[in-house]
Amino acid sequence: MHTSFDLAVNGYGVGFGNSARLRGLRFNWKDRGVEEIIGVNLTFWKPGDNSDGRIAGLPLGLYGPGAGTLDGLSIGVLAIEADYYINGVALALLAIANDGETRGISIAGLSNVSGDNFYGIGIAGLANVSGGELYGIGIGGLANVIDGGMYGVTASLLANVSNGEMKGVTVGGLANVINGDVSGITVGGLANVTDGSMSGIGASLRANVSGDETSGIMLGGLANVSGGSMTGISFGGLANVADGGMTGISASLLANVTDGDATGIMFGGLANVCDGDMTGIA
């Protein structure tokens, strides 16, 4: 497996072939069974199994580098593959795939895929996908899909989807769909939908829909809908609907409807409907 011609002293020098360990400059057709390479590593074909190996420094590949851990500046003409960690800067024309944790800057023509948490900046022509949480900046041409929470700035032409909470700034060309609480600035071309609470600023051309309470400024082209109380300033093109109480300023062309108390200022083009006490200006 490890056949090479190395011009090296004590592991430092120039290597040609599939040397297991080297520090310096190394050229190899296909990496397989790598233990540790530090320096400049240039390969030409799809790597084999290097899950226990580490390549650090400047891993380069006409197909792309691959190892258990990649540290430094990793560049793949087609792809970059890692089993556990990518640390540093990773650049690939097609995809960057990591079964583990990614830290740093990842830029891919199609997709960035991290099996665990992603820390840093991810830019992909199609999508950023994380099996853990995203901390930092995620810009996906079509989508950002996160199995954990999103913390920072995420933007996409179609949708940002998170199975956890979202804190920061999220801009989705069509929608933002969050399974947990949302706090910060959320802008969805059609809708912002969360199964939890929404606090901060929510703006969409169609609707802001929250399974729990909303607080802050909610701007819905058609409606703002809250499964709990609605607190702050809410402008719904057609309606503001709260399963709990309404507190603050609520304005719509058709109606403001609350199942609880209403306190503050309510402007309803047709009606203000309150199942509890109404205090203020309606």
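What you see is a predicted model; the values in this text were computed from it and never measured.

Scoring rules and cut-offs
Residues numbered from 1 in each chain as written. Predicted model: local features only at pLDDT ≥ 70, side-chain atom pairs only at ≥ 80, totals over all residues. Heavy atoms only, no water. Salt bridge = Lys/Arg side-chain N within 4 Å of Asp/Glu carboxyl O. Helix = DSSP H or I, 4+ residues; strand = E, 2+ residues; numbered from the N terminus. Buried < 20%, exposed > 50% of the residue type's maximum accessible area, 1.4 Å probe, protein only. Pairing = 2+ DSSP bridges. Phe/Tyr/Trp six-rings, centres within 6.5 Å; stacked < 30°, edge-to-face > 60°. Polar contact = N/O pair within 3.5 Å; in protein donor to acceptor, adjacent residues only side chain to side chain. Contact = heavy atoms within 4.5 Å.

Asks: Break down the pattern of salt bridges for me, citing the residues and quoting the values.
Replies: Within the structure shown, the criterion is met by eight salt bridges. Among the ionic pairs, E36 bridges to R21, the shortest N-O distance being 3.4 Å. Of this pair, E36 sits in strand β4 (residues 36-43) while R21 sits in strand β3 (residues 21-28), and the two are 15 residues apart along the sequence. Here E36 falls in the buried class, since its relative accessible area comes to 19%. Residues R54 and D71 are paired through a salt bridge, measuring 2.7 Å at the closest nitrogen-oxygen approach. On the criterion of sequence distance, the pair formed by R54 in strand β5 (residues 54-61) and D71 in strand β6 (residues 66-76) is long-range, its members being 17 residues apart.

Asks: Before we move on, can you summarise unusual backbone geometry with the specific residues and values?
Replies: Phi angles above zero are rare outside glycine, and N10 is one such case at about 55 degrees. Here N10 is to be found in the loop between β1 (4-9) and β2 (12-17).

Asks: Can you break down the pairing of strand β15 (residues 150-156) residue by residue, with the values?
Replies: Judged from the seven bridges that link them, strand β13 (residues 134-140) and β15 form a sheet pairing that is parallel. Each residue of the ladder has a partner; that of G140, found in β15, is S156.

Asks: Lay out the packing of aromatic side chains in plain terms, naming residues and giving numbers.
Replies: Here the structure, examined in full by the defined rule, presents five aromatic pairs. Between W29 and W45 the ring centres are 6.3 Å apart and the planes differ by 10 degrees, which places this aromatic pair in the stacked class. Taken as a pair, W29 in the loop between β3 and β4 and W45 in the loop between β4 and β5 lie far apart in primary sequence, 16 residues in all. In this structure W29 comes out as exposed when scored by relative accessible area, which is 55%. Here W45 falls in the partly exposed class, since its relative accessible area comes to 48%.

Asks: Can you lay out the side chain of S204 for me, pointing to particular residues and giving the numbers?
Replies: Tracing the backbone through its elements, the reader meets S204 in strand β21 (residues 198-204). The buried category is assigned to S204, whose relative accessible area is 9%. Polar side-chain contacts of S204 include one of 2.7 Å to the backbone oxygen of A207. Every residue in contact with S204, bar those within four places of it in the chain, is listed here: G188, G189, L190, A191, N192, L219, G220 and G221.

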